[in-house]
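For reference, the chains in residue letters:
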Amino acid sequence: MIASTVKIIRAKKELRTQIKEWHMKGLRVGMVPTMGALHHGHLSLIKEIQKHVDKVVVSIFVNPKQFGPNEDFDKYPRQETADIKKLAEVHTDLLYAPSAKEIYPEGFLTNVKVTKITEGLCASKRPGHFDGVTTVVTKLLLQCLPDVALFGEKDFQQYTVLKQLADDLDIPTEVMCGKLIRDEDGLATSSRNVYLTPDARQIALEIPKTLKRIVDEIEGNIRPIEESLNRGIEHLLKSGVKEIQYLEIRKSQNLEPVTDAITEPSRVLIAAVVGGVRLIDNMPIQKPQ
Ligand code: PAF
């Protein structure tokens, strides 16, 4: 495949000028916000958004505000040169790679908070995480003003929160959900998968297998929800998963908990720690026949 050249912008003023120029020509602009360390999940989001827009902006910014004090902010993989090469291969038009000062200049005092749907699931072990995400994404969307922004289905709670944010704050961007991509062995693609040893990866593969079993049991009316989830937890712990932070079923539309019966499209969602690496995954569940 012939790679194209990716224009790189690091200042919000320059970004605005470029987007304005495209909009004045009647072009639709799409944005894929990322924290870099791009993998084929990100590249698939770029290819997906290209179907809806004329120009694609990818942002890379490792956002300090969404990491807790004991999390992997310092160790989070940063590989801009390799990322630019990958962006060129999928014909990304523009990389927006602002510095921390460009996003959070001295004297920055604002915190953007979405309530209710930011409680539980990933928020239970990562207090303040979603405030960090909503604050930075508000800034990125307002700096770029894309027509469409795409967020991955793997972080399903994040996608739901960001859709709510754009609706509530009248940000003129359509927030869309990009398909969850799995590696060939079935593990949900993630920048953190590089931390897994081969043994830990084998254990991690039990996560998607267990989710699939739960989906089949519930859709097939084989087991009640609680029993299916408990068996899933038991199996994962026995397989070597060190910690299960949550394994829950929520309604896809509003993330309300589902404990009794599936009455509308729902999802089984998990966060678990394997070999010191926190992994998340989820799968849709349809109403049983
Ligand atoms: O999903 C991510 O990579 C980040 O949470 C996001 C949306 C780019 C905000 O920093």
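First things first, this report covers the structure right here in the doc. (Residues numbered from 1 in each chain as written. Predicted model: local features only at pLDDT ≥ 70, side-chain atom pairs only at ≥ 80, totals over all residues. Heavy atoms only, no water.)

### Quick look at the site of the ligand
In the neighbourhood of the ligand, the contacting residues comprise Pro33, Thr34, Met35, Gln66, Val136, Val137, Phe151 and Gln158. Within the side chain of Gln66, a nitrogen or oxygen atom sits 2.6 Å from an oxygen atom of the ligand. The separation between an oxygen atom of the ligand and a polar side-chain atom of Gln158 is 2.7 Å. Summarising the interface, the protein chains cover 88% of the accessible area of the ligand, which totals 290 Å² for the free molecule. Split by residue class, the shell around the ligand holds 5 nonpolar, 3 polar and no charged. (Near = heavy atom within 4 Å. Polar contact = N/O pair within 3.5 Å; in protein donor to acceptor, adjacent residues only side chain to side chain. Areas by Shrake-Rupley, 256 points an atom, 1.4 Å probe, with all protein chains shown as cover. Nonpolar A, V, L, I, M, F, W, Y, C, P; charged D, E, K, R; others polar.)

### Thoughts on the packing of helix α1 (residues 12-24) against helix α6 (residues 129-144)
Contact geometry of α1 with α6 gives a least axis separation of 8 Å together with a crossing angle of 50 degrees. What the angle tells us is that α1 and α6 run oblique. Taking contact as the criterion, the partners of Lys12, Leu15, Arg16 and Ile19 in α1 are, on α6, Leu142, Gln143 and Cys144. For the contact of α1 with α6, the class distribution of residues is 4 nonpolar, 1 polar and 2 charged. (Axes fitted to C-alpha atoms, helices over the stretch in contact; angles between N-to-C directions. Helix = DSSP H or I, 4+ residues; strand = E, 2+ residues; numbered from the N terminus. Parallel < 35°, antiparallel > 145°, perpendicular 65-115°, else oblique. Contact = heavy atoms within 4.5 Å.)

### Topic: the nonpolar core
One finds Leu15, Val57, Tyr96 and Val137 to be the most contacted residues of the largest nonpolar core, which totals 40 residues. Of all the secondary-structure elements, those providing two or more residues to this core are α1, β2 (29-34), β4 (94-96), α5 (122-125), α6, β5 (148-152), α7 (156-168) and β8 (266-274). When residues in this core are grouped by element, the largest group, 7 residues, is from α6. Beyond its immediate sequence surroundings of up to four residues, Val57 is in contact with Leu15, Ile19, Trp22, Val29, Gly30, Met31, Val32, Leu94, Tyr96 and Cys144. Counting residues in hydrophobic clusters, the runner-up holds 27 residues, among them Ile207, Val268, Val274 and Val277. (Core = buried A, V, L, I, M, F, W, Y, C linked by side-chain atoms within 4.5 Å. Buried < 20%, exposed > 50% of the residue type's maximum accessible area, 1.4 Å probe, protein only.)

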